Structures are given as structure tokens and as C-alpha cells.
Amino acid sequence: TRDHPPQATARPLGAMAACLSVRVTTDLPPGATLWLCGGCPALGGWDPARGLQLEGPPPTAGHITVFEATLHGKELPESFECKLVWKSDSAGLVWEDRPNRVVRLVDLPVPEDAPLLVVSWRPYALSADFAATQPATSDGDGATGQGSPAPPKAPWMGVIDSSTHGDPWLEAHRPSLAARAARATAQLCRLDEESAAIGRAPLGLDGVSSVYDSFGLVRQRRLAQAGWLFREWAPAALAASLVGDFNGWDTHAHRCAREEGGTWSIFLPDAEDGTPVIGHEARYKLCLVIPGSAPAADGEALSADECSRLGLAVSSPPPRRVWRLPAWARCCRPAGSDGTLEAVAWNPPPDRRHRWRHGRVRWHEAVVWAHEASAPGLSTIATAPDSSPQAAAGSAAAAATAATAA
């Protein structure tokens, strides 16, 4: 893998993007630096010395590091080829051992006004540097030698922390924490394997935790065009469409296209005057056509004409149309007194939007207890009941004092 230069191919320049953000999750060895090189001038013309250097914390053996960089003030073609390359004193230059990555800017999410390229690369487990750190192994006849290196660690080992850090409150739960970390590690490895099976780069922990940037109904920019991107995962569906107040709940007005892996998507560009097609707090739903044999109890059977219009074969039982609350809906509100919810688009004017003060934040879980609220409303951390041991002790002391006084 050390002498694997890219296959330089010419690409015509198309529409230009102002900049590009790159995020790479990798297991580089200690002391290594990472670069993104490509065939276009903005990425060095396949010269690593003139490529885009990515920044991140110093790599440590057997652990995952996230490198990031943003390309400013250079012209990028609409489509270009690129590769990652890392460098260390012991290994020299090491290119990705794979065909060139072909990147189309129009396919990238734009979460922060710049196209974002997310890549996962695991070169260290395959390198001689990794083999040199492994203990000697048996050659099979009882002798011990370097022979075949020990099996590499799972790429996710060490990423999920199951230690208690000396916290006495957590020590009793150490086995449970370790079991949960093992399950999460196995799941992340499985996601990597599934991504590789369909020819995609693994998402990585950063990609998994930020997938909300490209699922559900989100505001995005496709090159110079802003609009709504809607994506949902429904692999068993035969057809899908986005319906709501904005199109009179017409099931044929905005039909979604099927992507690899069972994801359905549609991009709705803003009007020429910049007005979004779906207004703030407008209601919407996902309309799916599912096989007639599906176990869902609701839905309406499609006529032969409807099946023909959708390009579906007439079957027995016939396909059914069902209406669903999108799984990735960002904002929901009660639809009535029966407890059902409806999804609403959330795109308030700039003066009503939340502004982050501490940069990028990755949430694992945020729970606000609302079951003890005295009246309907929005519960917050400030109004949540205090269930800490100190609060419980204080409540017990107060109850004892009241009983004594009585």
C-alpha cells in the first residue's frame, strides 16, 4: 500500500463552489499527518505538498482521530477525483489503496454554508507500523517469530469509553457499561461493513452522530441553490412522496426518488425570490405505497389505474397507500386531543433562531422528566424534579422534621 499513486485523469471544470469542508475519521499511527490531494489545482494536482492538509489532535496507536479542514478562496470543479494520503517519518507517503474517490459537489450535504465531505479511512491496521507494534506470534510449529501479525483491533476499539474514571457511583455498574460499549462497538463495525458492501465509505462515529444533517426535512444548499431536502429510510416501500399543506396533500405532486440502501429523497429548491416552497410551521407527512402483503393494518388499496400511474404491477392483494409521521421529523406538535402528533416544518426567521455559542456539540442523550409536571407545557432542566441523592436526603430530613413538629 506504500506505492499506490492515484490514477491521474482529466476532468472538465464545471460549476464552481466557493469552498469545501472535509472531515476524516481515521486510525493513523502516532506522528502521522494527513492530506487530501486531487487532480484539480485546488487540491494540488496530485502533488501532496500542495494538497489540503487536515488538522486534528495527535494520533495515538489503536485509536480513532477526527481530522478536519476547510478549503477557502479556491475554485473547485463540479466533479473531481481525490485521494487521502498520510505521511510519517518511518513510512514516508502512503496513498489510499483504492480507486480514486469521485466527488460531486451537488451530492454533498451543506450543513454550514459549505459542502461537507465526510470520509472514514482505516490504513493503520493494514500498515507495517501496526504490525511492528504487535507481539510476536507462533509460526505454527511452536516457534515464535514475526510471521503473520496479530489480528488488528476492531476499528472502533477505544472510541467508546466504558471506564468509570474512578467514580464510585459508577463502579457497581462497570459490567453493564462494558457490555453496552461492546454492543455499540459491534454495531458501529457492522455499519462500516454494510457501507463497504454497497461501495460507500464508512460513516464513522462522527458521521453516525451527525446523520440528522441529511435526513428528515432539512434546509440545505445544492451548489448555489437553497431549498428543502427531504430524506427518509423506507426500504420496503414501493413508492414515496412528500405531502402537506404546501401542495394540497397531493400524493403525486412531489414524488421521492429511491437511493441506494432503501432511502427515499427529494430536493425542493426555493422560489426565484428566495421564498421556501414549504413555509415555517407548515404541516407535512410521508406518503408511502407498500406491498399489499405488508402487515400494516391501515391504508387504502390502490386501483389498477393508480398502479399504472406509479409504474407498479397490479398484484393481489393490491399495493396500499399509507400516511406516516416521518421518523426524522425535527419538530412535531399535537394533532388533536387523541395524543397523535403531526410534523411541521421548522424554519423561523433569523431573529428567532437559536445561535450556538460553543461551536460543534455532539449530544448523546438529553432527557427532561415531564411526568411529574403539574400542568401541560414545556418542561426544561430548570423545572425538572431534582432526584439526586442530596435532594432525596434533604426531602427525607424535611419530612422527619415535619413529622416531629406534628
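See above for the structure.
Read on for an overview of the structure. (Residues numbered from 1 in each chain as written. Predicted model: local features only at pLDDT ≥ 70, side-chain atom pairs only at ≥ 80, totals over all residues. Heavy atoms only, no water.)

Remarks on the overall build of the protein
On a plain count of helices and strands, the protein comes out with six helices and 20 strands. Taking contacts inside the protein between residues at least 6 apart in sequence as the whole, the part at least 24 apart equals 64%. Carbon and sulfur atoms make up 56% of the accessible area of the protein, which totals about 23,500 Å². (Helix = DSSP H or I, 4+ residues; strand = E, 2+ residues; numbered from the N terminus. Contact = heavy atoms within 4.5 Å. Areas by Shrake-Rupley, 256 points an atom, 1.4 Å probe, with all protein chains shown as cover.)

Some points on the nonpolar core
Counting residues in hydrophobic clusters, the biggest one holds 28 residues, and the most contacted among them are Leu20, Leu34, Leu36, Leu43, Leu76 and Phe80. For this core, the secondary-structure elements that each account for two or more residues are strand 1 (20-26), strand 2 (33-38), strand 3 (52-54), strand 4 (65-71), strand 5 (79-88) and strand 8 (116-121). If you look at the next biggest cluster of nonpolar residues, it comprises 22 residues, including Ile266, Leu268, Tyr284 and Ala345. (Core = buried A, V, L, I, M, F, W, Y, C linked by side-chain atoms within 4.5 Å. Buried < 20%, exposed > 50% of the residue type's maximum accessible area, 1.4 Å probe, protein only.)

A look at the pattern of salt bridges
As enumerated under the stated definition, the model contains eleven salt bridges in all. Put simply, arginine 23 and glutamate 68 hold a salt bridge, and the shortest N to O gap is 3.1 Å. Here glutamate 68 lies in strand 4 and arginine 23 lies in strand 1, a separation of 45 residues in the sequence. Using a relative accessible area of 8% as the deciding quantity, one classes arginine 23 as buried. Glutamate 68 sits in the partly exposed class, given a relative accessible area of 31%. Here arginine 283 and aspartate 245 are joined by a salt bridge, their closest N and O atoms 3.0 Å apart. With arginine 283 in strand 16 (residues 283-290) and aspartate 245 in the loop between strand 13 (239-244) and strand 14 (257-258), the pair connects residues that are 38 residues apart, well separated along the chain. Each of Asp245, Arg283, Arg333 and Glu342 takes part in salt bridges that share partners, so that together they form one network. (Salt bridge = Lys/Arg side-chain N within 4 Å of Asp/Glu carboxyl O.)

Some points on empty space enclosed by the protein
Taken as a whole and judged by the stated rule, the model has two cavities of 30 Å³ or more. Taken as a whole, the second largest cavity spans an internal volume of roughly 50 Å³. Looking at the second largest cavity, the residues that line it are Ala239, Ala240, Ser241, Thr251, Arg255, Cys287, Val289, Leu310 and Arg321. Of all elements in the fold, only strand 13 and strand 16 reach the threshold of two or more residues within the lining of the second largest cavity. A per-element tally of the lining of the second largest cavity places strand 13 first, with three residues. Across the lining of the second largest cavity, the residue classes tally to five nonpolar, two polar and two charged. (1 Å grid on protein atoms, 1.4 Å probe; cavity = no way out; pocket = protein on both sides within 12 Å on 5 of 7 lines; lining within 4 Å. Points joined across faces, edges and corners; volume = space filled by probe spheres on them. Nonpolar A, V, L, I, M, F, W, Y, C, P; charged D, E, K, R; others polar.)

Let's talk about the sheet that holds strand 11 (residues 216-222)
Pairing within the open sheet is antiparallel, and its four strands lie in the order 11-12-15-14. Taken across any chain shown, the strands that pair with only one partner, and hence form the sheet edges, are strand 11 and strand 14. Judged from the seven bridges that link them, strand 12 (residues 225-233) and strand 15 (residues 263-269) form a sheet pairing that is antiparallel. Looking at the pairing, arginine 231 lines up with serine 265 of strand 15. (Pairing = 2+ DSSP bridges.)

A closer look at the pairing of strand 13
Where burial is concerned, most of strand 13 is hidden: six out of the six residues are buried. Residues Ala239, Ser241 and Val243 point to one face of strand 13 and Ala240, Leu242 and Gly244 to the other, with burial holding for every one of them. In terms of strand pairing, strand 13 meets strand 16 through six bridges, oriented antiparallel. Directly across from alanine 239, in strand 16, lies its bridge partner valine 289.

Brief notes about the environment of glutamate 171
Secondary-structure assignment places glutamate 171 in helix 2 (residues 168-171). Every residue in contact with glutamate 171, bar those within four places of it in the chain, is listed here: Thr164 and Gly166. In terms of polar contacts, glutamate 171 uses its side chain to reach the side chain of arginine 174, at 3.0 Å. (Polar contact = N/O pair within 3.5 Å; in protein donor to acceptor, adjacent residues only side chain to side chain.)

Focus on the pairing of strand 12
A large share of strand 12 lies buried, amounting to seven of its nine residues. Taken together, the seven bridges between strand 11 and strand 12 define a ladder with antiparallel strand orientation. What sits directly across from arginine 222, in strand 12, is glutamine 225.

Overview of the sheet that holds strand 8
The three strands are arranged 4-1-8 in an open sheet whose pairing can be described as mixed. Every interior strand has two partners, whereas the edge strands, strand 4 and strand 8, have only one. Direction aside, neighbouring strands of the sheet carry axes that sit 15 degrees apart on average. Pairing of strand 1 with strand 8 involves six bridges; the strand directions are parallel. Bridging from a neighbouring strand, threonine 25 pairs with serine 120 of strand 8. (Axes fitted to C-alpha atoms, helices over the stretch in contact; angles between N-to-C directions.)

Points about the packing of aromatic side chains
A complete count under the given rule lists three aromatic pairs for this structure. Ring geometry for phenylalanine 230 against tyrosine 284: centres 6.4 Å apart, planes inclined by 80 degrees, an arrangement best described as edge-to-face. Highlighted residues: phenylalanine 230 in strand 12 and tyrosine 284 in strand 16, separated in sequence by 54 residues. A residue is classified by how much of its surface remains accessible, and phenylalanine 230, at 0% relative accessible area, is buried. Looking at arginine 219, its charged tip hangs above the ring of tryptophan 228, at a distance of 5.2 Å from the centre. Over the aromatic face of phenylalanine 215 sits the side chain of arginine 231, whose NZ or CZ is 4.4 Å from the ring centroid. (Phe/Tyr/Trp six-rings, centres within 6.5 Å; stacked < 30°, edge-to-face > 60°. Lys NZ or Arg CZ within 6 Å of the ring centre and 35° of its normal.)

What about unusual backbone geometry?
Backbone torsion omega between serine 316 and proline 317 reads -5 degrees, so that peptide bond is classified as cis. Summarising the element assignment, proline 317 is placed in the loop between helix 5 (304-310) and strand 18 (320-324). Although it is not a glycine, tryptophan 249 adopts a positive phi angle of roughly 60 degrees. Its place among the elements puts tryptophan 249 in the loop between strand 13 and strand 14.

Worth remembering: the numbers are spatial, not functional.
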